[in-house]
Amino acid sequence: MVLGWWLPRAASLTAVLSFMLLVLPMRLFAAPAAESAAEAPGFRVEEVIASPEDPRAYRALAYDNGLQVLLVRDPAATEANWALSVLAGANQDPVALPGLNNLLALVLYSDPAANINVQPEHTEYHLRAPTNALATALTDFFTHIDRSAEIPLEEIERGQHLLANNIRSGLGATLTDRRDDVFSALFNAEHPMARRQGASASIAQLPVVTEALQKNFKRLYTPARMRLALVANLPLDRQQSIVTAALNRLSQKAPGTIRDANYPPLFTPQTLPIDVQIQADIAKPQLQLLFPVPNPLALYAEKPLAEVSRLLADGGPGSLLALLKSLGWADTIDTGMGMQSRYDGLFEVRIDLTDLGVRAKDQVVALVFYMLDQIRMRGLREWRHLELARTAALDFRYRDASAVRDPAQLAHALHYYRPRDVLYGPFRYNEFNERLVRRYLDFLRSDNVLVSLTSTAAVAGEQRSPVLLTPYSAVKSSEAQPDIKITVRRRLDFPERNNFIPTRLSTKEAPMLPTSQNTGINEVVELFNRPRFSAWFNRGHIASPAASVLLRLEIPAAGASALAAAEAELMAELVRQELNEKAFAAHLAGVDFTVQPHALGLDVHVHGYNSQLGLMLTRIDQVLDDVEITDRRFKRAQDMLAERLTMPRNTLDSILRERLNRLHYRPSWTRAERAEALASITPDQLRNFKHVHYRPARLSILFYGNLYRQEAQRLAALSEHYFLEDDAGAPRTATYGRLSGDKGPQLSLPTRDGSGVALYLQGRGASAVDYAQMQLAAQLLRESLTAEPENIADQFVIKGLVAGDDTAEGASGAIADTTVSLKSAADESSADDSQREAHSVTPTTTIDPANIAVFDWQLAGRPALVVYWAGETADGAALREFVRQELARQWPSAALAEAQTVVGRRLANDSAGGLREKSTALWRELVDATMANTSVMTEVAGASVASSERYRRYLAERVAGALALTGTAEKNAPTSNQKALDSYWNHLQKQPLQGPVLP
């Protein structure tokens, strides 16, 4: 369907655009379902606007007493999933009993399987049930929620205990919680969002709580305040029958009142402007400008703050963010609604500051108000509103169609959107209403603002927030702003028209007749195969006009040394930052792009509409050719890269992966090595590296999605012209190291991590069979760890490991001590002597299953098994024998079948996803030698008890030669012992990797 003819037309066509693009196709889709449902007395069936690309069916039920229901038939749903949202939250708590509605929710429905969330204005109940048990479960739920009798005292008392336990277990407050706690302490005490002083409902006397609880239940749990959303793979007529039966009693009740008394102003007169300093644990200082405004959700089709937000948060050339970055004052800007009630809230401008920006805070605030003045004078334009409407309409049709339908979000949305707009509301734009926009702009003044700075710096004074005791200071400030130099003001401008927004968008239909041009239309087609250039195309099963392009630029200098690797990574960071700025308009138009450095050079991935790829490739080429290396840009990129390289790894998986990559893959440099080299790089040095060495020597590219082959071929040829340079050196070949023989080398490495032993066992090959069998072996190991024998301590008793003897009773061959001991350099002199000594262990060693973790990985396209034993008592020889014994076990067919189910389900989940996930998976198959999930799934399903046993026996026989990584915490350990690393690498069998394969 072509969308282009009417998109550029005037504002009067905006409503027509939405109707033609979205409403008419949905009416043709939904009307038969609505007509087939008999309208029972008491409610009416309403149509729901949905994208014509959405595979789900929707129906809304609007009851006469105000109750609203949304039914969703989702073919992908594996169970029934529903949520009830009640317009009764913390803002409706009595002044003297904070937490009363939390208590009420726990008293009404205390099933631990339910997810109950009490928000400022709502209480949400989220539950699941097997599809065939939906009717019973839903009826039971509403039996608890819609009660006719008084709530028993014992249930209230039990609820108080639950609430007290929840409060105690939830003491780890987030940064948002702490800031909101501070802000609410500054609100008008009469406003519901102001913190209440008084006994919590969890500890108040039972008679007092009981009376207040009954009163709140009768006043707030009424039909007009309730919204229900149900998602299940059931016909809508069947869902409607189940729901109407469950709501039979509730549907006949009086509606009750839905509007509370009008809220007073958020701040008392003369309170604003105010300057607040908050002390909290935060990675970077953050500046917030908070303006009290009427809640714009009441005007969701007009979106009066959309244009203002777009201009304030713009990141393109001439934007406020680009200026702040160039001055070294800020890294990001974001806007949106923060704390809010049904009637009002805080519009926020959030700016992540640098240390220099903290010192220039007043100037940053002045620049924000200068931009607001410019928006008032010359920023509001009808064509900008049309651009927002156009991109929103496209997003709704093609992106929202694949969004997960969370019933809790849908039920919440029904409070604020009409039933027909419950999906479309966030994307709907009416005609441009400049008067309304200016009315909201009038709230964004310097005399109506709370300016907040959150940092780790100590604050003056003794003020603490009322609930979380967060230190803060608050002082009355002036509405006057510092003067801004004219040279600075001239650097600010508004964005031009966005050329990335598609004006003509169509789905490319596959030819029906076979020709030479459409052979393999849904298979990988090799477009080019040259010594320095490889290009592929795969249409996939993408029905929408979306496509991806994934590029790998190989830069030979990147793998020459740790210094060269750091220089290449620093260049990639500069490219990423400049592309974010110069292609910011593409991001607004629906293009997602990433820039990722790696050992061989640079990866760039682009996902968007098919008509945007050519322009995006041109923009990437311009940035690569002309990336600026000013001193200020260099310093910003260096600081950001240093922060990433020195950030501690927080998972065992990431720690072990980095170590193994370094040991078995070249070129490879640890983060610590690159961070050390990064600190020595100067701007002049990087400029020289760019001009002399930063030359792509090889290009690999994949076009995936809704394109014709001819288009992909043309774009591939264009990419070769753009990115490859004749004067580049030869591509660097990556190499993989295989363990050789039964006896491994001895090696000493440092560590800053805790103690433990990790055993690394390589697969026999790199076929789909190897991947399948390795994953099944790992899953069987996990199952053995989670088994529950009568005495689990006796399950893993390793016998026959006598002190001074490195063989195990019943083992096939000697267990070589190939432990890689991660010691400090100070211990290196005694390493040779200690390595000649065998492990000294007791005749029997017990391994606690709780201390064992099993991973199945791939390294450079090769499957591997990693078993980790945590704790100071971990022993390499005992771990080897444990793994050997478990691999050699004879497992019954039922255990293998269970492992096949678990592994198959995981592979199926990994194969699911949209354009980004599918294109990335294919990309890794092509360039990183990974195996297609579909191939592995086939081998997993076809594995027999005999074939699994043979493969595990092969692995068991090679446990003796497996690599063991051990370590104890060394706070001041050096980063590496290069001589030992080189010795270990020389011991391995080298296998050059075909193509630009990464670990």
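Keep in mind the model is a prediction, meaning the values are calculated, not measured.

Describing the overall build of the protein chain
Of regular secondary structure, the protein chain possesses 31 helices and 30 strands. Sequence-distant contacts, at least 24 apart, represent 84% of the contacts inside the protein chain between residues at least 6 apart.

Concerning the environment of Gly961
Along the chain, Gly961 turns up in the loop between helix H30 (945-957) and strand E29 (963-967). For Gly961, a relative accessible area of 9% translates into the label buried.

Quick notes on the packing of helix H16 (residues 562-582) against helix H21 (residues 671-678)
Axis separation between H16 and H21 bottoms out at 8 Å; the angle between their running directions is 80°. Of the possible angle classes, the one that applies to H16 and H21 is roughly perpendicular. Contacts between H16 and H21 pair Ala562, Leu563, Ala565, Ala566, Glu569 and Leu570 from the former with Glu673, Arg674, Ala677 and Leu678 from the latter. Among the residues forming the contact of H16 with H21, the class breakdown is seven nonpolar, no polar and three charged.

Points about the sheet that holds strand E14 (residues 525-530)
Read across the sheet, six strands follow the order E14-E15-E20-E16-E18-E17 without closing on themselves; strand pairing throughout is mixed. The sheet terminates laterally at E14 and strand E17 (592-598), the two strands that pair on one side only. Recorded for the sheet is a direction-independent mean angle of 10° between the axes of neighbouring strands. In terms of strand pairing, strand E16 (residues 546-554) meets strand E20 (residues 698-705) through eight bridges, oriented antiparallel. Residue pairing for E20: Ser548 is matched across the bridge by Tyr704. Each of E17 and strand E18 (601-609) touches H16; the most contacted strand, E17, lies at about 170° to it.

Some thoughts on the sheet that holds strand E10 (residues 330-340)
The six strands are arranged E10-E11-E9-E12-E8-E13 in an open sheet whose pairing can be described as mixed. Each edge of the open sheet carries a strand with a single partner, namely E10 and strand E13 (472-476). Strand-to-strand twist in this sheet, taken as the mean axis angle between neighbours without regard to direction, amounts to 20°. Across six bridges, strand E8 (residues 274-279) lies against strand E12 (residues 450-455) in parallel orientation. Note on E12: the bridge partner recorded for Gln277 is Leu453. Across the sheet, helix H5 (residues 175-186) touches E8, strand E9 (286-294), E10, E12 and E13, and the angle it forms with E8 is around 145°.

So, the side chain of Asp331
Of note, Asp331 is situated in strand E10. In this structure the side chain of Asp331 is engaged in a polar contact, spanning 2.8 Å, whose partner is the side chain of Lys284. For Asp331, the residues in contact, after removing those within four places along its chain, are Lys284, Leu321, Lys325, Asp352, Thr354 and Arg636.

Comments concerning the pattern of salt bridges
The final tally for this structure, using the stated rule, is 48 salt bridges. Among the ionic pairs, Asp928 bridges to Arg552, the shortest N-O distance being 2.8 Å. In this pair, Asp928 sits in the loop between helix H28 (915-927) and helix H29 (933-942) while Arg552 sits in strand E16, placing the two residues 376 residues apart along the sequence. Exposure remark for Asp928: the relative accessible area of 6% places this residue in the buried category. The class of Arg552 is buried, set by a relative accessible area of 1%.

Some words on H28
With 13 residues, H28 extends 18 Å from end C-alpha to end C-alpha; this agrees with the ideal 18 Å at 1.5 Å per step. When we look at burial in H28, the residues that qualify are Leu915, Ser919, Leu922, Trp923 and Val927. Seen from one end, H28 has its buried residues packed into an arc of 115°, which puts them on one side. Residues of H28 that are buried sit in contact with strand E15 (533-538), E16, E18 and E20. Note on H28: the residue one or two positions beyond its end, Ala929, has a positive phi of about 60°.

Focus on the pairing of E20
The element E20 is largely enclosed, with a buried count of eight among its eight residues. In this structure, E15 lies alongside E20, joined through six bridges in parallel fashion. Residue Ala535 lies in a different strand from E20, and its bridge partner there is Ile701.

What counts and how
- Residues numbered from 1 in each chain as written.
- Predicted model: local features only at pLDDT ≥ 70, side-chain atom pairs only at ≥ 80, totals over all residues.
- Heavy atoms only, no water.
- Helix = DSSP H or I, 4+ residues; strand = E, 2+ residues; numbered from the N terminus.
- Contact = heavy atoms within 4.5 Å.
- Buried < 20%, exposed > 50% of the residue type's maximum accessible area, 1.4 Å probe, protein only.
- Axes fitted to C-alpha atoms, helices over the stretch in contact; angles between N-to-C directions.
- Parallel < 35°, antiparallel > 145°, perpendicular 65-115°, else oblique.
- Nonpolar A, V, L, I, M, F, W, Y, C, P; charged D, E, K, R; others polar.
- Pairing = 2+ DSSP bridges.
- Polar contact = N/O pair within 3.5 Å; in protein donor to acceptor, adjacent residues only side chain to side chain.
- Salt bridge = Lys/Arg side-chain N within 4 Å of Asp/Glu carboxyl O.
- Expected span 1.5 Å × (residues − 1).
- Arc of directions from axis to C-beta.

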